[in-house]
Every structure is written in C-alpha cells, then in structure tokens.
Amino acid sequence: MREEKAEPARIVVLISGSGSNMQAIAEACQKQNMDAEIVAVISNRPGVPGLERAQQFDIPNEVLDHTSFATREEFDINLIRAIDEHSPDLVVLAGFMRILTSEFVRRYKGRLLNIHPSLLPKYKGLHTHKRALEAGDKEHGVTVHFVSEDLDGGPNIIQAVVPVLDDDSETTLQSRVQIQEHIIYPIAVKWFTEGRLTMLKGDAYFDNQALPESGLQLNH
Ligand code: GRF
C-alpha cells in the first residue's frame, strides 16, 4: 500500500505504442479526479504515438530501446534504473509489449499494474479479440490486474464485460473493449493512489476485503 504522503502519487507509465490508456490516466490526473501525477512515460520503441501524446500533456518522456540491449536481463536492469530515477509510487504498464524478468516484477511487487484485453484468466497472451470471436464467446472484456511473475497471471482488480455481437469483427470488438479500458484503468489507478488497493500473498484486496478471482466487475 502507498504510504500517506502530502505530495501527489508519482506514476511512471510504460508504453510500446499508441498510449491511449496512458492518456486516459493523464486526463484523470489533470481533471484532479485523483491526487496523482504521471512523472514519466517510458517507451521501449522509438517514434510511437504514445510519446507524442505524452508531450501534449507535458509529461517527461523517454525511449529505452530494447533492441539496443543484448539480453532481456540487461534491458530490464536498465529499465529499472530509468524508472527509479523518478521515484515512483506506482508503475503502470499500458500496452507495454515486453515479457518482464522476475527481477523486474519483484522490484515493483504490489505497485505494478497491467491492463489486458480479455476477461482473465481467459485468453492470456496475444490476439485476445480474435480468440474470443473464434470461440463464439457471447461476452468479452478487459482486466486490470496486479503483475506477478506469471505472464498475465497476477490477481485481478477490476474487469469490464462487453457483449460480443453477431456481426463483430476483431476491430469492432477491440473498439468496444478499448472504450472500457479507458474507464477502468483510471479507476484502478485512483484506488491504488488512495491506498485502497493492495496485493498481499498473491491476492488483491480492496478496502481490506479480498477481491473475487474476477476482480470487481463492471457490466455493460
Ligand atoms: C490495450 O488494448 C491494452 O489492453 C493492451 O495493449 C493495448 C494498449 O493500447 N495491453 P494503448 O497503447 O493504451 O492505446
């Protein structure tokens, strides 16, 4: 849990691409929906739109190009250094397309969040919308979860469920899910910065109550 501080909570956001979730969180901070500030955006890919979005919000942003490092371990050690320069209370993965080393995950244990476009534990990994369509699912959605050493496996915090329509394509389903991403990620970040959200022994707690496996569910 974040210690009570007079200063706004310091958030570092890691991105690899569009950065629309980062923007949703930046907007929530700007509207003073929460006492928090994105102090840095770090991308592992140069030239991505998310960096431009960060500039538009006057958020310090930097690139740490993973292709400049020989190994995953070396990249992650340098990423830790770059993140720790900003003394974050919370590290937010927002479309950060890298598998993280255990060392990295352990370093930010309990203060590392991710958003994954499926109703976890369903469809860990990639191509989640396609997989939901191919399976004939009637419902799909998105999950914000604490990050553990298991890929897409940490305890769930909040999920938004959306219907899958008969004529959905991957694109239409993805857009419907993304609208929800921009709602639930700022909510989870706000809860964390208010000290309401904690991870203890691999489980997520909200206001000291263990959350169900799905996390809190929003239905649409
Ligand atoms: C989102 O769909 C998120 O669920 C997934 O990566 C995508 C990132 O989108 N983890 P953006 O970069 O935030 O626009």
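Residues numbered from 1 in each chain as written. Predicted model: local features only at pLDDT ≥ 70, side-chain atom pairs only at ≥ 80, totals over all residues. Heavy atoms only, no water.

Student: Whenever I open this one, the site of the ligand confuses me. Can you help?
Tutor: Taken together, the neighbourhood of the ligand is formed by Ser 18, Gly 19, Ser 20, Asn 21, Gly 95, Ile 115, Pro 117, Gln 178 and Glu 181. Here an oxygen atom of the ligand sits 2.5 Å away from a polar atom, N or O, in the side chain of Ser 20. A distance of 3.2 Å is found between an oxygen atom of the ligand and a side-chain nitrogen or oxygen belonging to Gln 178. Of all the secondary structure elements, the ones that give two or more residues to the shell around the ligand are helix H1 (20-30) and helix H6 (170-193). Looking at the shell around the ligand residue by residue, the classes come out as two nonpolar, six polar and one charged. A domain split of the shell around the ligand shows at least three residues from each of domain 1 (1-108) and domain 2 (116-220). (Near = heavy atom within 4 Å. Polar contact = N/O pair within 3.5 Å; in protein donor to acceptor, adjacent residues only side chain to side chain. Helix = DSSP H or I, 4+ residues; strand = E, 2+ residues; numbered from the N terminus. Nonpolar A, V, L, I, M, F, W, Y, C, P; charged D, E, K, R; others polar. Domains from an automatic or database assignment.)

Student: Sorry, what's going on with the sheet that holds strand E7 (residues 156-163) here?
Tutor: Two pairing modes exist for strands in a sheet, parallel and antiparallel, and in both the strands are linked by backbone hydrogen bonds. Strand order in the open sheet formed by eight strands is E3-E2-E1-E4-E5-E6-E7-E11, and the pairing between neighbours is mixed. Two strands close off the open sheet at either side, each with one partner strand: strand E3 (61-63) and strand E11 (216-219). Put simply, the sheet's adjacent strands are angled 20° from each other on average, direction ignored. Pairing of strand E6 (residues 139-146) with E7, which is carried by seven bridges, proceeds in the antiparallel orientation. Counterpart to Glu 139 in the pairing with E7 is Pro 163. The strands that H1 touches are strand E1 (9-15), strand E2 (36-43), strand E4 (90-93) and strand E5 (112-116); relative to E2, the one it contacts most, it runs at about 160°. Sheet contacts for helix H2 (residues 49-56): E1, E2 and E3; angle to E3, the most-contacted strand, approximately 160°. (Pairing = 2+ DSSP bridges. Axes fitted to C-alpha atoms, helices over the stretch in contact; angles between N-to-C directions. Contact = heavy atoms within 4.5 Å.)

Student: Explain the pairing of E4 to me, please; I cannot follow it from the model alone.
Tutor: Along any regular strand, the residues point their side chains to alternate faces of the sheet. Of the two faces of E4, the one lined by Leu 90 and Val 92 and the one lined by Val 91 and Leu 93 are each fully buried. Relative to E4, E1 is paired through four bridges, and the arrangement is parallel. Paired with Val 12 across the bridge in E4 is Val 91. By the bridge criterion, three bridges tie E4 to E5 in an arrangement that is parallel. (Buried < 20%, exposed > 50% of the residue type's maximum accessible area, 1.4 Å probe, protein only.)

Student: Can you walk me through the packing of aromatic side chains in this structure?
Tutor: Working definition: an aromatic ring pair is given by the centre-to-centre distance plus the angle between the planes. The final tally for this structure, using the stated rule, is three aromatic pairs. Plain terms: the ring middles of Trp 191 and Phe 206 are 4.3 Å apart, the flat faces sit at 45° to each other, and that makes the pair tilted. Taken together, the residues span a long stretch of sequence, with Trp 191 in helix H6 and Phe 206 in strand E9 (residues 203-206) at a distance of 15 residues. Neither Trp 191 nor Phe 206 differs from the other in exposure class; each is buried. (Phe/Tyr/Trp six-rings, centres within 6.5 Å; stacked < 30°, edge-to-face > 60°.)

Student: Whenever I open this one, unusual backbone geometry confuses me. Can you help?
Tutor: Glycine aside, a negative phi is what most residues show, and trans is what most peptide bonds show. For the bond from Leu 120 to Pro 121, the omega torsion is 15°, close enough to zero to count as cis. You can see Pro 121 is positioned in the loop between E5 and helix H5 (128-134). Positive phi values are uncommon outside glycine, yet Tyr 123 reaches one of about 55°. Note that Tyr 123 resides in the loop between E5 and H5.

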